[in-house]
Amino acid sequence: MHEWALAEAITVALLKQSELRGSKSIKRLVVGLGELQAIDREIFEFALSEVLKLYGLEVREYALLSEEAEFECGACGHSWKLRELELSDEVREAIHFLPEAAYSYVKCPRCGSRDFSVVRGRGVSIVGVEY
Amino acid sequence: MKYFEDPRVGAIQLRLKDVREVLVFAGSKGGVGKTLISVLTSLLLSRRGFRVGLFDMDITNPTSHVTLGVDLRSVKPTEEKGVVPPEVSGVTFMSPVFYTLDRPTPLRGEYVSSALRELLSITRWPGIDVLVLDMPPGMSDELLELLTHIRRFRAMLVTTPSPMAVASSIRLAEVLSGRLEAVVLNMVTESAFGAEKLLNYAPGIPVYEVPYDSDVEYSIGYPEKLVLTRAAREVDRQVVDHVARLLRT
């Protein structure tokens, strides 16, 4: 599962801050899961709890926050959402591993431009940490 | 807390920590043969018994898979606590093309950086002695990601004797100063007059000459043929010898 590597990235970032603070205990962690990357919530949750244990980090409470993916065209200004697109399973899998691969398969539905931004909901991120 | 802006950055170091040497083939001018020299070096090092990884750093326009003759329908990375690249002709090979599938992928700079960080932070290189990075031309996001987030690497500057390529290489040599291992002067036909300027700029850096070899074009996509070309023999005798010495020290 590639979710393990994403959970490890989050943990390594937390660990670095914890070392600076001199404590491996975190009160609350909020992780964002962008819709574009289509992370399996259960797998990620399992991976995160295992990796946190492995690195000796204590997180007393954590939440996974889903974020809807939204795009905006740089040419005509049109905004659209991921759920409006019809993508094959093969394409969805490619985007799951590399969200920027969306640029290989998606164009602005209004003007056809490839020059668009992922405004939100790209992938995994640390939304907030409370100590 | 600025560090939390991108957790992938720390993970990049984690993925590379067991790789003994990171060897970058860079050249700021397009068409000088970076991919060919990267691929040949990888194949030939592997034939000498080293465990070699090859990563195509060209997010928008990767071509090392073409040189290696990779069939994208059947060759894919596997998932195992991240992504483990497939083995191609003895080389552990990773490329963004496994996800972009040879489709045009025009990206603005911030997305190039993001894509590189994503791949570098999820790709595992178990047991690799040397990771070869095939850089795209130019001095833009890929180069800055390399300098800022990979940090521990040695560089081979690839150029041709063309005055345009040499002028461009001199600029890049300044950026790579202190990490430059050698200059690979590719597609040499007669006297490599243009290289003199580069030699003056980087004294003490070895310059390896690889001849122009028309057989190379006919061997693209066939690694077994490619390693038998005259160009490959010279890469083996000079560049691969140099890298093998580094790995044995």
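Residues numbered from 1 in each chain as written. Chains lettered and ligands numbered in written order. Predicted model: local features only at pLDDT ≥ 70, side-chain atom pairs only at ≥ 80, totals over all residues. Heavy atoms only, no water.

J.: In this structure, what is going on with the state of the cysteines? I would like to understand it.
T.: Linking two cysteines covalently through their sulfur atoms gives a disulfide. All names here are of chain A. One pass over the structure, following the stated rule, counts zero disulfides over all chains. In this model cysteine 111 remains outside any disulfide bridge; the closest cysteine sulfur is found in cysteine 73, 3.6 Å from its own. Overall, the relative accessible area of 41% leaves cysteine 111 in the partly exposed class. (Disulfide = S-S within 2.5 Å. Buried < 20%, exposed > 50% of the residue type's maximum accessible area, 1.4 Å probe, protein only.)

J.: Help me understand the side chain of aspartate 58 of chain B, please; the structure alone is not making it clear to me.
T.: Residue and element names in this part refer to chain B. For aspartate 58, the position within the fold is in the loop between strand S2 (52-56) and helix H3 (64-68). The buried charged residue aspartate 58 lacks any salt bridge, with lysine 34 as its nearest oppositely charged partner at 7.6 Å. Engagement of the side chain of aspartate 58 in a polar contact is seen with the backbone nitrogen of asparagine 61, the distance being 3.0 Å. For aspartate 58, the residues in contact, after removing those within four places along its chain, are Pro96, Asp134, Pro136 and Pro137. (Helix = DSSP H or I, 4+ residues; strand = E, 2+ residues; numbered from the N terminus. Lys, Arg positive; Asp, Glu negative; His and termini not counted. Salt bridge = Lys/Arg side-chain N within 4 Å of Asp/Glu carboxyl O. Polar contact = N/O pair within 3.5 Å; in protein donor to acceptor, adjacent residues only side chain to side chain. Contact = heavy atoms within 4.5 Å.)

J.: Help me understand the sheet that holds strand S6 (residues 124-130) of chain A in this model?
T.: Through backbone hydrogen bonds, the strands of a sheet pair up, either in parallel or in antiparallel fashion. Residue and element names in this part refer to chain A. Taken in spatial order, the three strands of this open sheet run S2-S1-S6, and their pairing is mixed. The open sheet is flanked by strand S2 (58-67) and S6, the only strands paired with a single partner. Strand-to-strand twist across the sheet, computed as the mean angle between neighbouring axes with direction ignored, equals 20°. Across the sheet, helix H1 (residues 3-21) lies against strand S1 (25-34) and S6, angled at about 35° from S6, the strand it touches most. (Pairing = 2+ DSSP bridges. Axes fitted to C-alpha atoms, helices over the stretch in contact; angles between N-to-C directions.)

J.: Just checking my understanding: could you explain the nonpolar core for this structure?
T.: Note on soluble globular proteins: their nonpolar side chains tend to be buried together. Of all hydrophobic cores here, the largest spans 129 residues; its most connected members are Phe44 of chain A together with Phe55 and Tyr99 of chain B. Broken down by element, the residue count for this core peaks at nine residues, all from H1 of chain A. Leave out the neighbours within four places in its chain, and tyrosine 99 of chain B touches Ala94, Phe97, Leu98, Ala101 and Tyr105 of chain A together with Pro77, Val83, Met94 and Leu119 of chain B. (Core = buried A, V, L, I, M, F, W, Y, C linked by side-chain atoms within 4.5 Å.)

J.: Help me understand the sheet that holds strand S1 (residues 21-26) of chain B, please; the structure alone is not making it clear to me.
T.: All names here are of chain B. Taken together, the eight strands give an open sheet; going across it, the order is S5-S6-S2-S7-S1-S8-S9-S10, and neighbouring strands pair in mixed fashion. Only two strands of the sheet have a single partner each, and these edge strands are strand S5 (87-88) and strand S10 (207-211). Of the pairings in the sheet, the one linking S2 to strand S6 (residues 91-94) comprises four bridges and is parallel in character. Looking across to S6, one finds that phenylalanine 55 is bridged to methionine 94.

J.: Is there a simple way to think about the pattern of salt bridges in this case?
T.: Opposite charge on two side chains makes pairing possible when the charged atoms of those side chains draw close. Residue and element names in this part refer to chain B. With the rule as written, the count across this model stands at 25 salt bridges over all chains. In this structure, arginine 47 engages glutamate 224 in a salt bridge whose closest nitrogen and oxygen atoms are separated by 2.9 Å. Highlighted residues: arginine 47 in helix H2 (residues 34-47) and glutamate 224 in helix H10 (residues 223-226), separated in sequence by 177 residues. On the basis of relative accessibility, which here comes to 52%, the residue glutamate 224 falls in the exposed class. With its nearest N and O atoms 2.8 Å apart, the salt bridge here joins aspartate 241 to arginine 48. Here arginine 48 lies in the loop between H2 and S2 and aspartate 241 lies in helix H11 (residues 230-248), a separation of 193 residues in the sequence. Here aspartate 241 falls in the partly exposed class, since its relative accessible area comes to 28%. Under the relative-accessibility criterion, arginine 48 is labelled partly exposed at 31%.

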